[in-house]
There are 2 protein chains.
Amino acid sequence: MKQKIIDYSIQLFDEKGFTETSVQDIVEGLNVTKGTFYYYYKSKQELLRDIHLYYIEYLVKQQEEIINDADKDSRTKIREIIYMIIQSIQERRRSARIFFREMRNLQQEYLAQNMQQRDLFRENVQKVIEEGIREGDFEENLNADMITRGILGITNWSYYWFNPEGDVSVDELTDMYTNMIFNGINKKE
Amino acid sequence: MKQKIIDYSIQLFDEKGFTETSVQDIVEGLNVTKGTFYYYYKSKQELLRDIHLYYIEYLVKQQEEIINDADKDSRTKIREIIYMIIQSIQERRRSARIFFREMRNLQQEYLAQNMQQRDLFRENVQKVIEEGIREGDFEENLNADMITRGILGITNWSYYWFNPEGDVSVDELTDMYTNMIFNGINKKE
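Keep in mind the model is a prediction, meaning the values are calculated, not measured.

Peer 1: What exactly am I supposed to notice about the interface of chain B and chain A here?
Peer 2: By a widespread convention, an interface's size corresponds to the accessible area lost as its parts come together. Contact with chain B, which involves 43 residues of that partner, is made by 45 residues of chain A. Our enumeration of links across chain B and chain A arrives at 4 salt bridges. One salt bridge connects Glu139 of chain B with Lys188 of chain A, and the closest N-O pair in it is separated by 3.4 Å. The set of elements that each furnish at least two residues to the side of chain B that touches chain A consists of α1 (2-16), α5 (74-102), α7 (144-157) and α8 (170-183) of chain B.

Take a look at the structure:
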């Protein structure tokens, strides 16, 4: 039942917005009582926090499998992280949109864990960039923090427009962006 | 008075959200009557549409000055467009956030003009990329549409985190991103 509440709320929050969705809307759609809702969640805030946490913790977990693999060099890790993010659009587009859009609706006490994971995700990418600089894969004079935010800009933005069923596949888009980030779009001599 | 309504509403919509802000909140803060509000705007929807239009039309106007300058090559145009977007964060951060965040709250009849301008902005960038491919500045095999969306991902995302008063200036950030997009981050031989 908890998972049902989460799944259905994700749908409602994405379609109507978090503020516009009431607990009443959720229980009506699921055909259960308010008591059932409040058995699992103290409030809509707690539910939104959990939706955010499931989303970001899942990404961090996948990410850490990639970056802890000693056999992979930093370029491979960046490519795989980009692929992983774009791939997750397919199954988690709604969760992702709610994550980015509704974060400001979380009260302070529910926000902390969430921001911690989000920062961790970014810092993990930054560590791979720094590793690549140290190992001579990437240019020495890069600002790893700003480059990381640029890379995440490319991938996070794709949640707003990318259609995995369209002309360009997840794999193709990953290649295009990895290639731009690594080699640039300038014509090579 | 119209400008005052717009400016104050931008502040409220950014802080509380569009849905959470009532016409009552707006007129109370400005110390005017509801009649004053409705003299200028039929509805909150119309006001949000205007806020969005002012924001995007201003960007398109600036952008077209850049791309219509025949003395500039495509690389210069891309650099100047990136600079212009990041620069606009300084004065228009709130408008930009409302633009991205509240667009889904606009009803169909108020959305059309807005989306048209947003698409125009993206298509203009794409034309510069295509021009650069034709003129041999950029790689021939690029997917101009996807590259354009990647570039706009980098710049649009910066609205969520970039602090123009921080350690990195608008000019420096523009250089870092232009350099990544044109030359990539891989260490050059």
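Peer 1: Is there a simple way to explain the relation of the copies chain B and chain A in this structure?
Peer 2: Both copies of the chain are placed relative to one another by a rotation about an axis and a shift along it. Mapping chain B onto chain A is achieved by rotating through 180° and translating by 0.0 Å along the same axis, at an RMSD of 0.0 Å. The symmetry that links the two subunits is that of a two-fold axis. Within chain B, Gly184 of chain B has its C-alpha nearest the rotation axis, a separation of 2.0 Å. Both copies share a contact surface, since 100% of the interface residues of chain B are interface residues in chain A too.

Peer 1: Could you clarify how one ought to interpret unusual backbone geometry in this entry?
Peer 2: Comment: phi is negative for the bulk of residues other than glycine, and the bulk of peptide bonds are trans. Notably, Asn31 of chain A is not glycine yet its phi reads approximately 60°, a positive angle. Along the chain, the position of Asn31 of chain A falls in the loop between α2 (23-30) and α3 (34-40).

Peer 1: Hey, could you run me through helix α4 (residues 44-67) of chain A in this one?
Peer 2: Turn by turn, an α-helix covers 3.6 residues, leaving residues three or four places apart pointing in a common direction. For α4 of chain A, with 24 residues, the first-to-last C-alpha span of 34 Å sits near the 34 Å given by 1.5 Å per residue. Taking burial as the measure, the 24 residues of α4 of chain A include 17 buried ones, the bulk of the element.

Peer 1: Where do I start with the UniProt feature "domain: HTH tetR-type" (unreviewed entry) in chain A in this structure?
Peer 2: Here, the residues flagged by UniProt with the feature "domain: HTH tetR-type" (unreviewed entry) are residues 1-59 of chain A. Structurally, residues 1-59 of chain A comprises 78% helix and 0% strand, and the distance from its first C-alpha atom to its last is 24 Å.

Peer 1: Would you take a moment to explain the domain arrangement of chain A for this structure?
Peer 2: Residue and element names in this part refer to chain A. By domain assignment, chain A separates into domain 1 (1-41) and domain 2 (45-183). Summarising the inter-unit geometry, the C-alpha centres of domain 1 and domain 2 are found 28 Å apart. Contacts between domain 1 and domain 2 engage 16 residues on the former and 14 residues on the latter. Together domain 1 and domain 2 conceal approximately 1,300 Å² of surface at their shared face, both sides included; 63% is due to carbon and sulfur atoms. Ranking the residues of domain 1 by area buried against domain 2 places Asp14, Phe18 and Tyr41 at the top, with a combined share of 49%. Linking domain 1 with domain 2 are 3 salt bridges. Residues Arg94 and Asp14 are paired through a salt bridge, measuring 3.1 Å at the closest nitrogen-oxygen approach. Connecting domain 1 to domain 2 are 6 residue pairs in polar contact (both at pLDDT 80 or more). Examining the composition of the side of domain 1 that touches domain 2, we find that 9 residues originate from one element, helix α1 (residues 2-16), more than from any other. Across the side of domain 1 that touches domain 2, the residue classes tally to 9 nonpolar, 4 polar and 3 charged.

Peer 1: Hey, could you run me through α1 of chain B in this one?
Peer 2: All names here are of chain B. In this model, α1 (15 residues) spans 21 Å end to end at C-alpha, consistent with the 21 Å of a helix rising 1.5 Å per residue. For α1, the full list of buried residues reads Ile5, Ile6, Ser9, Ile10, Leu12, Phe13 and Asp14. Lining the buried residues of α1 we find α2 (23-30), α3 (34-40), α4 (44-67) and α5. One or two residues past the end of α1 sits Gly17, with phi positive at roughly 100°.

Peer 1: Explain the environment of Gln90 of chain A to me, please; I cannot follow it from the model alone.
Peer 2: Residue and element names in this part refer to chain A. In this fold, Gln90 is placed in helix α5 (residues 74-102). When the C-alpha atoms of Gln90 and Tyr110 are compared, they prove to be 27 Å apart, with 20 residues separating the residues in sequence. Excluding its chain neighbours within four sequence positions, the residues that come into contact with Gln90 are Pro164, Glu165 and Val170.

The rules behind each value
Residues numbered from 1 in each chain as written. Chains lettered and ligands numbered in written order. Predicted model: local features only at pLDDT ≥ 70, side-chain atom pairs only at ≥ 80, totals over all residues. Heavy atoms only, no water. Contact = heavy atoms within 4.5 Å. Salt bridge = Lys/Arg side-chain N within 4 Å of Asp/Glu carboxyl O. Helix = DSSP H or I, 4+ residues; strand = E, 2+ residues; numbered from the N terminus. Least-squares fit on C-alpha atoms with pLDDT ≥ 70 in both. Expected span 1.5 Å × (residues − 1). Buried < 20%, exposed > 50% of the residue type's maximum accessible area, 1.4 Å probe, protein only. UniProt positions renumbered as here; feature names shortened; annotations may be inferred. Domains from an automatic or database assignment. Buried area = accessible area lost by both parts, 1.4 Å probe. Polar contact = N/O pair within 3.5 Å; in protein donor to acceptor, adjacent residues only side chain to side chain. Nonpolar A, V, L, I, M, F, W, Y, C, P; charged D, E, K, R; others polar.

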